[in-house]
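Spelled out, the chains give:
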Number of protein chains: 4
Amino acid sequence: MRADAVRTRKALVAAAAEVFARSGADATVAEIAARAGIGKGTVFRHFPTKDDLLAAIVGDAVDELVAKAEHLVGHEDALREFMQLTAALLAGNRVLFDALDRVGADHRPQVRAQVDRLAAVAERVVAPARDAGVIRADVRGLDVVQLTCGAHHAAAPLAAVEPDVGQRYVDFVFAGLRAS
Amino acid sequence: MRADAVRTRKALVAAAAEVFARSGADATVAEIAARAGIGKGTVFRHFPTKDDLLAAIVGDAVDELVAKAEHLVGHEDALREFMQLTAALLAGNRVLFDALDRVGADHRPQVRAQVDRLAAVAERVVAPARDAGVIRADVRGLDVVQLTCGAHHAAAPLAAVEPDVGQRYVDFVFAGLRAS
Amino acid sequence: MRADAVRTRKALVAAAAEVFARSGADATVAEIAARAGIGKGTVFRHFPTKDDLLAAIVGDAVDELVAKAEHLVGHEDALREFMQLTAALLAGNRVLFDALDRVGADHRPQVRAQVDRLAAVAERVVAPARDAGVIRADVRGLDVVQLTCGAHHAAAPLAAVEPDVGQRYVDFVFAGLRAS
Amino acid sequence: MRADAVRTRKALVAAAAEVFARSGADATVAEIAARAGIGKGTVFRHFPTKDDLLAAIVGDAVDELVAKAEHLVGHEDALREFMQLTAALLAGNRVLFDALDRVGADHRPQVRAQVDRLAAVAERVVAPARDAGVIRADVRGLDVVQLTCGAHHAAAPLAAVEPDVGQRYVDFVFAGLRAS
DNA sequence: GATGAATGAGTATTCATTCAT
DNA sequence: GATGAATGAATACTCATTCAT
């Protein structure tokens, strides 16, 4: 790719990540283009449809989360760390939240695929703890992802007045997963 | 208010409750008016804006939940029952879910007020258990409402393939609230 | 229908007929609305889609043509008169021309139906002459419609410099249909 | 012009001829460039605008038709052969059809000039027959071109279900030109 | 000389709200 | 008092053309 195209694409992806993170999947292409300082047409040159751009941004976020999660596999306390890591990313990225939020409801196959990737790595994190009997036997990776997302969802509106509510809620949910 | 106006209003509220419950806050005024068998203009005569109508419907749903919750106060296992009751209502009423779901993000003060009422009764439910040391000391009524909503949120997309996922997730969260 | 709606609809249909006649099926809804002195939204209140409006306008033109053609059935020289009548209407109505022009290519079922109606009445006009051996045996109603449309098509670009070219071309084609 | 530029231009013209023939004047510059294996910018280096390219391709097609028509001049049955030849070329070349089809409506002077060349050779074909009294006295070369194009236009939408409709319609028109 | 990256005007449709009937 | 007719802002995507690389 040419140097100028690389620059433009970087600016576009950064702008899209920021705008999507702030406004969610409903952000308009016009706003993203303006934020990136490029024309609307240029957005479509790099990503044929808005959904492709969305999937790329969500994919980047999932990539980051998956990469970090890989390092947790096998760790003591890996599950709690994974949940807190996930919640932290969700807190800074509304579109990732939107994506996880709509598993099954969302008909965009590319976004759906990202959620599956995340559920897969979550399963690798949760499996050892489950096999060891530390957490309940019926907890799958997808459950962890969904519940962490739910905890974030519950915490988000309160974060302005209680900064650590996200961590607190994740702790509640984590505690609830442990074998009794 | 004249008797016919009362009848019209009743039909409108019933139609709005049904349509909002099914389609969520995005339901159109036109659909509600058609369902009520009245004109769109009449909707706006009774409620100045769509948000006012929305708040009234959410208020009714919250009234119902609050009334049921009142009866639970003092019961053994009141908290679990409250959470399951709330989750069940959320599952059957998309607009209630939407409303609770968007606390904070939603700038509609009237909707916000309903959540506060719900948090208040939840606090009355949770206080005895907390004082008795059965659940964690830092759990307030609002936390219970938010987390129950989060559990439902997490479960909703999976409900189609796993019907009892809602109950399972509420159980997880409930377990997480207990004092360790 | 209310009196004001009737007025608006009339203005809309008149404007659409004029604009479609001048600019063909590619005319924009915005132009039609402006011409009618109404808002774009009002167009869609009366006709759910642009194609519905288009079909209505084409339908009106076909209605007119069909009604006039009915009177010709059985007349001496009915076929020639039908062809000249059709050509005259086409000359004043670009969208009717567009509609006939795209039989088979046009995927709009409502427009297609109008062409079928026209072919049907043309068949009633042509059948007696064909049965009487005055015109060739392989000439169907649809052929007459298509060929008249073709004659107009051929004539249209020259009409500015040779006003009666349309009639002349229709005469050529009519002569070509006669049994040799 | 350098040798490589000549090669590029040849590839471009060949690609444009093919794509325009298949897709008509609405074909995109991008598709033509891709087909030619060159960049879009290069297209505009050789032809300042898309219309210039279009005119060149139409000009080539007209050249071909004119050359073939030259050989018909003086032949017995030259007019019928010219009309069938023209119709056959139109059937296989959508852009030629588009160009002839829009004479007058089309404001592109370069395209218009090609039609004039075609009308001129048609006149040379038709003049002997007209002077001999075989065809009507008021038939000029331009009429033949226009009517043949109209016949093809009339036939085109039906060609899918009746393959030889084009020939049939041309025969009708040819018959119509004969002196009665 | 060649490339292809960037541009941005143009368009059908929805829906909360207002106001003439 | 009730109606529903009218409004118009808001949004994704295409493609001929220009110009930096």
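Because the structure is a prediction, the values reported are computed rather than measured. (Residues numbered from 1 in each chain as written. Chains lettered and ligands numbered in written order. Predicted model: local features only at pLDDT ≥ 70, side-chain atom pairs only at ≥ 80, totals over all residues. Heavy atoms only, no water.)

### Re the pattern of salt bridges
Note the following rule: Each salt bridge in this description consists of a side-chain nitrogen of Lys or Arg and a carboxyl oxygen of Asp or Glu lying within 4 Å of one another. Strands here mean DSSP runs of E at least two residues long; helices mean DSSP runs of H or I at least four residues long; both are numbered from the N terminus. Residue burial is assigned from relative accessible area. The probe radius is 1.4 Å, only protein chains are included, and a residue is buried under 20% of its type maximum, exposed over 50%, and partly exposed in between.
With the rule as written, the count across this model stands at 52 salt bridges over all chains. Note that Asp171 of chain A and Arg80 of chain A form a salt bridge whose closest N and O atoms lie 3.6 Å from each other. Of this pair, Asp171 of chain A sits in helix H9 (residues 165-177) while Arg80 of chain A sits in helix H5 (residues 78-91), and the two are 91 residues apart along the sequence. You can call Asp171 of chain A buried: its relative accessible area is 18%. Judged by its relative accessible area of 26%, Arg80 of chain A falls in the partly exposed class. Shared partners join several salt bridges into a network, and the residues in it are Asp138, Arg140 and Asp143 of chain A together with Glu162 and Arg168 of chain B.

### Observations concerning the side chain of Asp52 of chain D
Residues and elements named next belong to chain D. For clarity, the threshold we go by: Polar contact is the term for a pair of N or O atoms within 3.5 Å; when the atoms are in protein, one must be able to donate a hydrogen and the other to accept it, and sequence-neighboring residues count only if both atoms are side-chain atoms. What makes two residues a contact is simply this: any of their non-hydrogen atoms within 4.5 Å.
Tracing the backbone through its elements, the reader meets Asp52 in helix H4 (residues 50-72). Among the polar contacts made by the side chain of Asp52, one reaches the side chain of Thr49 at a distance of 3.1 Å. Asp52 has contacts with Phe47 and Gln110, leaving out every residue within four places of it along the chain.

### Thoughts on the relation of the copies chain A and chain B
Basically, it comes down to this: Least squares is the method used to superpose the copies, on C-alpha atoms of residues holding a pLDDT of at least 70 in both.
Rotating chain A by 175° and moving it 0.1 Å along the rotation axis overlays it on chain B with an RMSD of 0.9 Å. The operation mapping one copy onto its partner corresponds to a two-fold rotation axis. Every residue of chain A has its C-alpha some distance from the rotation axis, and the shortest such distance is that of Gly176 of chain A, at 1.6 Å. When the interface residues of chain A are mapped onto chain B, 100% of them are again interface residues, pointing to one common binding face.

### Overview of the packing of helix H4 (residues 50-72) of chain C against helix H5 (residues 78-91) of chain C
Residue and element names in this part refer to chain C. The cut-off we apply is this: Each axis is a line fitted through C-alpha atoms, and for a helix only the stretch in contact is used; angles between axes span 0 to 180 degrees, taken between their N-to-C directions. Should an angle fall under 35 degrees it is called roughly parallel, over 145 degrees roughly antiparallel, and 65 to 115 degrees roughly perpendicular, with every other angle called oblique. Here a crossing is taken to be left-handed if its near helix is turned anticlockwise relative to the far helix by less than a right angle, and right-handed if that turn runs clockwise. Amino acids outside the nonpolar list (Ala, Val, Leu, Ile, Met, Phe, Trp, Tyr, Cys, Pro) and the charged list (Asp, Glu, Lys, Arg) are all regarded as polar, and Gly is one of them.
Relative to each other, H4 and H5 sit at 160°, their axes nearing to 10 Å. Taken together, the axes of H4 and H5 are roughly antiparallel relative to one another. When you trace H4 past H5, the crossing you get is right-handed. Between H4, through Ala61, Glu64, Leu65, Lys68, Ala69 and Leu72, and H5, the contact on the second element is made entirely by Ala78, Glu81, Phe82, Leu85, Thr86 and Leu89. Counted by class, the contact of H4 with H5 contains eight nonpolar, one polar and three charged residues.

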